[in-house]
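Coordinate inspection notes
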Amino acid sequence: MCEPGHIGPAPSFRAVRWVLRLARVLVFVQVGKITVIGREHLPPTDAPYLVVANHTHYADGPVIGLILGVRARPRYFIARGALRFGRGLAALILGPAGAIAVDLRPSGGRRELAAGIRVLAGGERLVLFPEGWAHMDGHRGTFKRGAAYIAMRAAERRGRPIPIVPCYLHYPRHPGEWMTRIRPSLQYFLAAMGFWRYRRGVTAVIGPPILSDTLPVAWDEATAFLEIRIRTLSPASRCAAPAGS
């Protein structure tokens, strides 16, 4: 299961229900209330689409899972290091619910890209975070080019455009810059232990789907386009927008 790019059987309703129950507990304790803006922009649950979001909390995956619900049964790109948590316990729980291990090292990624293309071309849903690891300090990370590549290649294979759903997750409080000086696993542990300090809820802003055939042809430009669309969904950007925009 922790082999990067490995695709297991389609997520079962039973596995997804169990994982969402765990997600509901984790989000209640660590995050609090989920406020969703733009839920109407989500495509039908039986259609293939790609959800792309910023990544500033280890609970982002559970939050999006709860928003999409059981019927969508999406697959998720999850860092291999996260799936090794608890000596592989995380992989045993999340694997049947659609987790796909991702190697975040610079030398990795090819098998994961192929897996993402197969998932979308096969008519399933996929969730990924282009920044890789969650940036617990609240600052943005560098967007990788995989999302645009996967969507465009899957559309070519499927013979029709793939909807890309941009989502911005906003948490009112994050740890400070000191978080960036320690390894991710320790960041997540410290944030979990200090949940009482950071539990302020989350606002998920979902934007209108972007069809893959409307992206710029160049990968760098397509990635920058997606990043801008996601960033403009942030509450700060929405408040700064001129009236009527």
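Report on the accompanying structure. This is a predicted model, so every value here is computed, not measured. (Residues numbered from 1 in each chain as written. Predicted model: local features only at pLDDT ≥ 70, side-chain atom pairs only at ≥ 80, totals over all residues. Heavy atoms only, no water.)

Let us now look at the pattern of salt bridges. Under the definition given, this model contains 6 salt bridges. The shortest N-O distance in the salt bridge between Asp103 and Arg80 comes to 3.7 Å. Residue Asp103 is located in the loop between strand S4 (99-102) and helix H5 (110-121), and its partner Arg80 is located in helix H3 (residues 80-83); the two are separated by 23 residues in the primary sequence. Taken individually, Asp103 and Arg80 each receive the classification buried, so the pair is uniform in this respect. The residue Asp220 makes a salt bridge to Arg145 at a minimum N-O spacing of 3.5 Å. Note that Asp220 is positioned in helix H9 (residues 219-231) and Arg145 in the loop between strand S5 (125-128) and helix H6 (146-158), a separation of 75 residues in sequence. The exposure class of Asp220 is exposed, given its relative accessible area of 52%. (Salt bridge = Lys/Arg side-chain N within 4 Å of Asp/Glu carboxyl O. Helix = DSSP H or I, 4+ residues; strand = E, 2+ residues; numbered from the N terminus. Buried < 20%, exposed > 50% of the residue type's maximum accessible area, 1.4 Å probe, protein only.)

Let's shift gears to the environment of Ala90. Residue position: Ala90 is located in helix H4 (residues 85-94). Of the residues examined, Ala90 reaches a relative accessible area of 13% and is grouped as buried. Here the alpha-carbon distance between Ala90 and Tyr188, two residues 98 residues apart in the chain, equals 14 Å. Look past the residues within four positions of Ala90 in its chain and what remains in contact with it is Ala82, Leu83, Phe85 and Gly95. (Contact = heavy atoms within 4.5 Å.)

The next point concerns a nonpolar patch on the surface. Taken together, Val25, Phe28, Val29, Phe195 and Trp196 make up a surface patch of nonpolar side chains, about 530 Å² in accessible area. Contributing elements (two or more residues each) for the nonpolar patch: helix H1 (13-30) and helix H8 (195-198). Counting residues per element, the nonpolar patch draws most heavily on H1, at 3 residues. One can find Phe195 in helix H8. (Patch = residues over 30% accessible without salt bridge, like charges linked within 9 Å, V, L, I, M, F, W, Y side chains within 5 Å. Areas by Shrake-Rupley, 256 points an atom, 1.4 Å probe, with all protein chains shown as cover.)

What follows is about the environment of Leu89. Its place among the elements puts Leu89 in helix H4. The class for Leu89 is partly exposed, based on a relative accessible area of 46%. It is 30 Å that separates the C-alpha atoms of Leu89 and Arg145, two residues lying 56 residues apart in sequence.

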